[in-house]
Amino acid sequence: MTWQKRRGDDLPELIGAGDLALISLATQRTSRTISKDKVTEPFRAPFVVPEGTGDGAPGEIASLMAVVGLADFLQIAYRAASDMMES
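Residues numbered from 1 in each chain as written. Predicted model: local features only at pLDDT ≥ 70, side-chain atom pairs only at ≥ 80, totals over all residues. Heavy atoms only, no water.

A. Inspection of the overall build of the chain at higher detail. The helix and strand inventory of the chain stands at 4 helices and 0 strands. Ordering the α and β elements of the chain from the N terminus gives α-α-α-α. Considering the chain as a whole, with its 87 residues, one finds that 14% of them fall into the buried category. Summarising the internal contacts of the chain: among those between residues at least 6 apart in sequence, 52% fall at separations of at least 24. (Helix = DSSP H or I, 4+ residues; strand = E, 2+ residues; numbered from the N terminus. Buried < 20%, exposed > 50% of the residue type's maximum accessible area, 1.4 Å probe, protein only. Contact = heavy atoms within 4.5 Å.)

Right under this line is the structure:
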């Protein structure tokens, strides 16, 4: 986004549904990789104490991050719709 402003490109008014789905999935997968995968375990080790084994349960933080991303998008869409109604 910042690089688009520097180049002088206009930012999109709305994010499409397909892009929203991709962003949500990418956010979920990234947060899961950081929080659960073995490859990032050395980075987490100084900050966490492992509680058992397994790949996680439903409702873990990765899913929460995807929901937060969707909620942010809906807030932006609501604000854009409100602004259009006032114009």
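B. View of the environment of Ala77. Among the structural elements, Ala77 can be located in helix α4 (residues 61–86). Sequence separation of Ala77 and Glu13 is 64 residues, and the distance between their C-alpha atoms is 9.2 Å.

C. A look at helix α2 (residues 17–36). Compared with the 28 Å implied by 1.5 Å per residue over 20 residues, the 28 Å span of α2 between its first and last C-alpha is a close match. Among the residues of α2, Leu20, Ser24, Ser31 and Arg32 are the ones counted as buried. The arc enclosing the buried residues of α2, seen along the axis, measures out at 105°, which places them on a common side. Opposite the buried face of α2, at more than 90 degrees from it, the exposed residues are Leu22, Leu25 and Ile34. (Expected span 1.5 Å × (residues − 1). Arc of directions from axis to C-beta.)

D. Molecular detail of the pattern of salt bridges. For the structure shown, the criterion picks out 1 salt bridge. Asp37 is the salt-bridge partner of Arg29, the closest N and O atoms lying 3.2 Å from each other. The exposure class of Arg29 is partly exposed, given its relative accessible area of 40%. (Salt bridge = Lys/Arg side-chain N within 4 Å of Asp/Glu carboxyl O.)

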